[in-house]
Amino acid sequence: MLAWLEALTPKQAQLMIQIKGRLEKIGWKTIITTRKHDYTLGIFRLKKVKPVAIGVYGGASSEGKLYASLYRSKKLLDLISKLDEKPKVHISLSSPDAVRVAFGLGIPIILLNDTPHSIFVNRLTLPLADKILIPKAIPKEAFTYAAPPNRLIQYEGVDEVSWIKKLKPKASVLRKLGLSRRDEIVVIRSEEVKASYYPKLMETPTIKVLSEIYGRNELKIVYFARYPDQKKLISERFPRVIIPKRAVDAPSLIAFSRLVVTGGGTMAREGALLGIPSISLFPAKLHVNEWLSAKGFPLWHFRRVEDAVEMMDKILDEPNKFRVNTSRMLMELEDPVEVLLKILGR
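These notes cover the structure that comes with them. (Residues numbered from 1 in each chain as written. Predicted model: local features only at pLDDT ≥ 70, side-chain atom pairs only at ≥ 80, totals over all residues. Heavy atoms only, no water.)

1. Regarding the sheet that holds strand E3 (residues 52–56)
Reading across from one edge, E3-E2-E1-E4-E5-E6-E7 is the order of the 7 strands in this open sheet, with parallel pairing throughout. Edge positions in the open sheet fall to E3 and strand E7 (152–155), since each of these has one partner strand only. Neighbour to neighbour, the strand axes of the sheet diverge by 20° on average, direction disregarded. Inspection of the sheet shows strand E6 (residues 131–135) paired to E7 by 4 bridges, in the parallel sense. Within E7, the position partnered with Leu-133 by the bridge is Ile-153. (Pairing = 2+ DSSP bridges. Helix = DSSP H or I, 4+ residues; strand = E, 2+ residues; numbered from the N terminus. Axes fitted to C-alpha atoms, helices over the stretch in contact; angles between N-to-C directions.)

2. Notes on a nonpolar patch on the surface
Judged by side-chain polarity, Ile-119, Phe-120 and Tyr-145 come together as a nonpolar surface patch covering roughly 280 Å² of accessible area. Structurally, the position occupied by Phe-120 is in helix H5 (residues 119–125). Exposure remark for Phe-120: the relative accessible area of 53% places this residue in the exposed category. (Patch = residues over 30% accessible without salt bridge, like charges linked within 9 Å, V, L, I, M, F, W, Y side chains within 5 Å. Areas by Shrake-Rupley, 256 points an atom, 1.4 Å probe, with all protein chains shown as cover. Salt bridge = Lys/Arg side-chain N within 4 Å of Asp/Glu carboxyl O. Buried < 20%, exposed > 50% of the residue type's maximum accessible area, 1.4 Å probe, protein only.)

3. Concerning the side chain of Ser-162
Along the chain, the position of Ser-162 falls in helix H6 (residues 161–164). Those residues within four positions of Ser-162 in sequence are excluded, and the remaining contacts are Leu-15, Gln-18, Arg-22, Asp-335, Pro-336 and Val-337. (Contact = heavy atoms within 4.5 Å.)

4. Some words on the environment of Pro-127
Checked against the element boundaries, Pro-127 lands in the loop between H5 and E6. For the pair Pro-127 and Tyr-67, spaced 60 residues apart in sequence, the C-alpha separation works out to 22 Å. Not counting chain neighbours up to four residues away, the residues in contact with Pro-127 comprise Asn-122, Ala-146 and Arg-151.

5. Focus on the packing of helix H1 (residues 10–25) against helix H16 (residues 336–343)
Close contact between H1 and H16 brings their axes to 10 Å; oriented N to C, the two are set at 45°. The angle between the axes of H1 and H16 places the two elements in the oblique class. Like other packed secondary-structure pairs, H1 and H16 cross with a definite hand, here right-handed. Touching Leu-15, Gln-18, Ile-19, Arg-22 and Leu-23 of H1 are Val-337, Glu-338, Leu-340 and Leu-341, all from H16. When its residues are assigned to classes, the contact of H1 with H16 shows 6 nonpolar, 1 polar and 2 charged. (Parallel < 35°, antiparallel > 145°, perpendicular 65-115°, else oblique. Left-handed = near helix turned anticlockwise from the far one by under 90°. Nonpolar A, V, L, I, M, F, W, Y, C, P; charged D, E, K, R; others polar.)

6. Focus: the pairing of strand E1 (residues 2–6)
Buried residues dominate E1, accounting for 5 of its 5 residues. Here E1 shows a buried face lined by Leu-2, Trp-4 and Glu-6 and a second buried face lined by Ala-3 and Leu-5. Bridge count between E1 and strand E2 (residues 29–36): 5 bridges; the pairing is parallel. Within E2, the position partnered with Leu-5 by the bridge is Ile-32. Assessed by its sense of winding, the connection that carries the chain from E1 through H1 to E2 is right-handed. (Right-handed = clockwise from strand over helix to strand, strands pointing away.)

7. As for the pattern of salt bridges
Tallied over the entire structure, the rule returns 24 salt bridges. Note that Lys-11 is salt-bridged to Asp-159, the shortest N-O span being 3.1 Å. Of the two residues, Lys-11 is situated in helix H1 and Asp-159 in the loop between E7 and H6; the sequence distance between them amounts to 148 residues. Residues Lys-11 and Asp-159 agree in their burial class; the two are buried. One salt-bridge network, in which partners are shared between bridges, spans Lys-11, Asp-114, Asp-159, Glu-160 and Arg-269.

Here you go:
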C-alpha cells in the first residue's frame, strides 16, 4: 500500500517524517512531496529523508500564491498519475495543491489541521477530505464553515507531540551555531507575515522584542526567519543575532535554551512541551496554546509587546523559576500519528 504525504512548511516536514517512519514500520510504502520554502527542505536533509520537491512558495500576493499553487498542482498531477501504484491515501496538513489533485484522482484524503483561522486554505481543502484530525483543544464548531462535524476526529494532544515526545536533545546543534551549554540562549521565530491570514504590519512584534532585549549583551539570540527579506533586515539591524543559514535541529536547540519567543505557534508549543518558558505573539487566539497553558505547560500568549517584554525580563532574571519538568505531562498527551494509524487500520 502506498501513502502520498505532502509537507509545505518546516512543521509539516517534522510531522510527515514521523508519519512516514511509522507507516513504513507497518508495511506501507510512502512518497513525500514538498516545495522550496523556509527551512523545509533542510529539515528533510537533516533527517536523511528524500522528498520530491516541486515548486516554490508563492509569496505575499494573492496572484503569486495562486500561480504557484496552480503550477504545483499540475506538476503533482503529472507525478502522482504516473506512479506505478496508485496511492491508497493522501495525507497532509491541508495542502490546497495536493488535495485538489488527490480528489481529482479519486484518492481518499485524510488531513490534519490545527489552524481554523486559515480560512482560505481550509475552504479549499476541508470540504474534499474524508477525515480531518484536529486537537481536542479546538471545538468542532471552529471548522464547520468548511467541514461537517462528522468528518472531524479529535485527539487529546497537539501535532508537536509526535516529534517532541521521544526527543533526545543533541548538543551538536550548539556547536554548529557557535554556542555552548553555558550560554544564555533565546530562540526567536519570526511571524508568517506573508500568510493569507496574517495582518499587514509596518514592524512585526518579534522585531520589537529584539529591539527591547538586544541590549542584554549576555544573551545569545538565535533568530529563525521565514523569508529572505526578514533575514536581511535582522542581520542589518541586529548584527549580533545568530541567523541559521540552513536548517538545524531546532527542537534540540530549544531544549538547551532559556526562552522561546515566536510570532507563530509551533516553536512556542515545542518549547512548552519541553518545559522551556515560551511566549507566542500570534495576533489571534490559538486554542491549542491556551489548552497547553491550562494544563500547566509554560506557555504564554501576549497581544502587546510591552506585556511580553515584561514577562521575558522575569523569565531571563530567574529562568529556573519558570522552567517546568514536563516529562510526565507530556506522556499523558495523545500523539496524532497514533490516531492516524488507527484510522488507517494499522
